[in-house]
Amino acid sequence: HGMDACGSLVDVCCHDFPHCLPMLEPLSPPRLLWEGILTVASLLTLALMPVCWAFPSTFPAGVHLATGASCTPIFVLHVLVKLRTGIPQQGMLNRDPRTVAWAYLLSSRFATDLAAALAFPLQQLTTRHLAPLHLVVVFHLLGALRTYERAAKASHAKRRVLMLLLFSCVQIHWMACVWSL
């Protein structure tokens, strides 16, 4: 019966709203704009969430809640965007919603995207310190970096700056996590 649940999820994603959300091309302008929005949300989550936990007297309580409340819907919408983005197969762009949905749901990207979407709500429901769970947004940033490279044929210098920014945010994250222990 587990297959029935997955099958019904794919049917919902593919048939209940078939044409209201068009299939996107991976490097189209709307998709690249979305990657930019996702990158900003990921960087905010990666750097700001653990710092708010580590230094609660420095940041007002609302900063943590506002960051989580504004970034979580973006991560949830990203799952929908991925379900509506065509996938390259055998040199062609496959736009079949059912094939795209199955490929995404069976990939490791779905698990990391779901973890990113649920990190803040889970953190609010438990009393445990779950800031390390926010590190799954690193996968969003790495995916965005690959997309930008493919779309803009980014120069070596631009890639190095983006990687430096990514590693700086990871370092800030871990330093805040260690400090809060």
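Our subject is the structure that appears above.
Here the structure is a predicted model, which is why all the values come from computation and not from measurement.

About the cut-offs
- Residues numbered from 1 in each chain as written.
- Predicted model: local features only at pLDDT ≥ 70, side-chain atom pairs only at ≥ 80, totals over all residues.
- Heavy atoms only, no water.
- Buried < 20%, exposed > 50% of the residue type's maximum accessible area, 1.4 Å probe, protein only.
- Helix = DSSP H or I, 4+ residues; strand = E, 2+ residues; numbered from the N terminus.
- Arc of directions from axis to C-beta.
- Expected span 1.5 Å × (residues − 1).
- Bend = angle between axes of the 7 residues up to and from the residue.
- Core = buried A, V, L, I, M, F, W, Y, C linked by side-chain atoms within 4.5 Å.
- Phe/Tyr/Trp six-rings, centres within 6.5 Å; stacked < 30°, edge-to-face > 60°.

Undergrad: Explain helix 4 (residues 97–105) residue by residue, including any values.
TA: Among the residues of helix 4, V100, A101, Y104 and L105 are the ones counted as buried. End-on, the buried residues of helix 4 take up no more than an arc of 120°, which puts them together on one face.

Undergrad: Break down helix 5 (residues 108–125) for me, citing the residues and quoting the values.
TA: Between the first and last C-alpha of helix 5 there are 25 Å, a value that for 18 residues agrees with the 26 Å anticipated at 1.5 Å per step. If you look at helix 5, its biggest bend is around 40°, right at A119, and the proline P121 turns up within four residues after that.

Undergrad: Can you explain the nonpolar core? Please cite residues and give values.
TA: Among the nonpolar cores identified, the biggest contains 20 residues, and L46, F75 and L166 are the most heavily contacted of them. Residue assignment for this core shows that the elements contributing at least two residues are helix 2 (29–54), helix 3 (61–83), helix 5, helix 6 (137–152) and helix 7 (156–180). No other element matches helix 2, which puts six residues into this core. Judged by nonpolar contacts, the second largest core, of six residues, contains V79, A101, Y104 and L105.

Undergrad: Can you explain unusual backbone geometry? Please cite residues and give values.
TA: With a phi angle near 55°, Q90 is a residue other than glycine that sits in the positive phi range. In this fold, Q90 is placed in the loop between strand 1 (87–89) and strand 2 (92–94). Judged by its relative accessible area of 83%, Q90 falls in the exposed class.

Undergrad: Account for the packing of aromatic side chains, naming residues and giving values.
TA: Each aromatic ring pair is summarised here by two numbers: the centre-to-centre distance and the angle between the ring planes. Applying the stated criterion across every chain yields a total of one aromatic pair. Arranged with centres 5.4 Å apart and planes meeting at 80°, the rings of Y104 and F110 form a pair that is edge-to-face. Accessibility expressed as a relative area gives 5% for Y104, which makes it buried. When its relative accessible area of 18% is taken as the criterion, F110 is described as buried.

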